[in-house]
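A structural walkthrough
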Amino acid sequence: MKIIAKNKKAYFNYELLEKLEVGIVLTGSEIKSIRLGNVSLQDSYVTFSNNEAYIINMNINTYKFTTSYILDPLRKRKLLLNAREIKKIQQEQKQKNLTVVPTMIYLNSKSRAKLEISLARGKKNYDKRETIKNRDAVRQIKK
């Protein structure tokens, strides 16, 4: 498993509860660009419509050697989940007032791009300050 990009803001802003591995519908030039590491998950999120899951604002820069057509780097991309998983995520999201955020994109052993999404609850400011305090304490101990 080769990690391409992580969403560090998601780890800081949200308390991650449950993680899922999903596939993404991509074009050939997009997967080539992902393999080069030209992808960003910052400010991206997952939405549901017509019993399908989509990722919005995932930035995949255009592949520099493409000659045919150029796609919008921020276009809406479909996520590959079965109906049971989508229904379960939507129910938990509505009942517990959670958010679905992408946390990581990676290549699995078969060189397929996979996205890790998480059900998350937003942190309060005092939780964020506690995280910063713990991180600084660990740094001091290592020194």
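In this text the structure is predicted, and so the values were computed from the model without any measurement.

**Overview of the pairing of strand β2 (residues 14-24)**
Note on strand geometry: in a regular strand, side chains alternate between the two faces of the sheet. Alignment of β2 against strand β9 (residues 113-122), held across nine bridges, turns out to be antiparallel. Paired with L20 across the strands is I117, a residue of β9. Here two bridges tie β2 to strand β7 (residues 77-80), and the two strands are oriented antiparallel to one another. Across the sheet, I24 pairs through a bridge with L79, a residue of β7.

**Concerning the sheet that holds strand β1 (residues 2-6)**
In sheet architecture, strand pairing relies on hydrogen bonds along the backbone and comes in two forms, parallel and antiparallel. Taken in spatial order, the seven strands make up an open sheet running β1-β8-β9-β2-β7-β5-β4, and their pairing is antiparallel. Edge positions in the sheet fall to β1 and β4 (45-49), since each of these pairs with one other strand and no more. With strand direction ignored, the average angle separating the axes of adjacent strands in the sheet is 45°. With five bridges joining them, β4 and strand β5 (residues 52-56) adopt antiparallel strand pairing. Along β5, the bridge assignment pairs S49 with E52. Packing against the sheet, helix α2 (residues 28-35) makes contact with β1, β7, β8 (99-107) and β9, and its axis sits at approximately 80° to β8.

The rules behind the values
- Residues numbered from 1 in each chain as written.
- Predicted model: local features only at pLDDT ≥ 70, side-chain atom pairs only at ≥ 80, totals over all residues.
- Heavy atoms only, no water.
- Pairing = 2+ DSSP bridges.
- Helix = DSSP H or I, 4+ residues; strand = E, 2+ residues; numbered from the N terminus.
- Axes fitted to C-alpha atoms, helices over the stretch in contact; angles between N-to-C directions.
- Contact = heavy atoms within 4.5 Å.

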